[in-house]
Amino acid sequence: FPTRRSSDLQRFIGSRFVITRKPLEEGTQIDDSDPSTYKVKSRWCLQGHLDPDLEQKAMDGMLQSPTLSQPSRVLLMQVLASYGWDMQLGDIKGAFMEAGELDAKYRPLFARPPAGGIPNVPHDAVIEVVGNVYGQNDAPASWFRTFDSEAKAAKWTPSKFDPCLYTLRDADGSLAGVMGVHVDDVALGGMGPTFQKSIDHLKSRFPFRKWRLGTGEFCGAFYKQDPRSKEISMSQQQFAEA
């Protein structure tokens, strides 16, 4: 339990559950009247607009995080197809919570339980927030810095034109891999021991929920690679219809 200082009363932030439906199979449509076509996902999120440090975080430049640009995404897919590399897609489970502890100057921070409560937790419980949680305005920036640091440790180099587009090179300077990062989703491909070693490093550091080969969702679109020609097609039908 936190100490009951008067300053602590200003250090509370609200929280809520965000509930969404996910199709059982990527690229398929959900039929709201048929529960067999989807699964329900619930995520606990903080209400970032109530963050007592929101103004300070804005002044510190903590509310800006890069995302993969459309030209970079097209370039990424073209390189994979041109080199004949298998397209690999991964998404990281609970990515923001992998970004480590909150900066000391933004603590302490306490959260109120969401409406409806949390199973087996008293309704008047005080939750101390010690790490990055979905809903915090600075969580995306903290997460990107964490991933970028690990990617560089695995010998990936960010593009000067887009910090979310990375290349990997062998000792002789030849291209060994290319990777695009969009928040907690990655799309990449490559070949050789240098590439495989870098992938092993990332997989050992982050809990990838999925790792798909040749087909899957990325940046709101569904991608499919021809196993023979290595050509890549993209569809946004589901995104447009929804």
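Refer to the preceding data block for the structure.
1. Some words on helix H2 (residues 70–83)
No. 1: For H2, spanning 14 residues, the distance from its first C-alpha to its last is 20 Å, which sits close to the expected 20 Å at 1.5 Å a residue.
No. 2: Residues of H2 that are buried: Ser 72, Arg 73, Leu 76, Met 77, Val 79 and Leu 80. Seen along its axis, H2 keeps its buried residues to an arc of 155°; they face one direction. Summarising the geometry of H2, the exposed residues directed more than 90 degrees from the buried face are Pro 71 and Ser 82.
No. 3: Those residues of H2 hidden inside the fold are in contact with strand E8 (165–169), strand E9 (175–182), strand E10 (185–190), strand E12 (215–218), strand E13 (221–225) and strand E14 (232–235).
No. 4: Just beyond H2, the residue with positive phi is Gly 84, at close to 75°.

2. Some details on helix H4 (residues 193–205)
No. 1: With 13 residues, H4 extends 18 Å from end C-alpha to end C-alpha; this agrees with the ideal 18 Å at 1.5 Å per step.
No. 2: Within H4, the full set of buried residues consists of Phe 195, Ser 198, Ile 199 and Leu 202. Seen along its axis, H4 keeps its buried residues to an arc of 100°; they face one direction. What points out from H4, more than 90 degrees from its buried face, is the exposed set Pro 193, Lys 197 and Ser 204.

Rules behind the numbers
Residues numbered from 1 in each chain as written. Predicted model: local features only at pLDDT ≥ 70, side-chain atom pairs only at ≥ 80, totals over all residues. Heavy atoms only, no water. Helix = DSSP H or I, 4+ residues; strand = E, 2+ residues; numbered from the N terminus. Expected span 1.5 Å × (residues − 1). Buried < 20%, exposed > 50% of the residue type's maximum accessible area, 1.4 Å probe, protein only. Arc of directions from axis to C-beta. Contact = heavy atoms within 4.5 Å.

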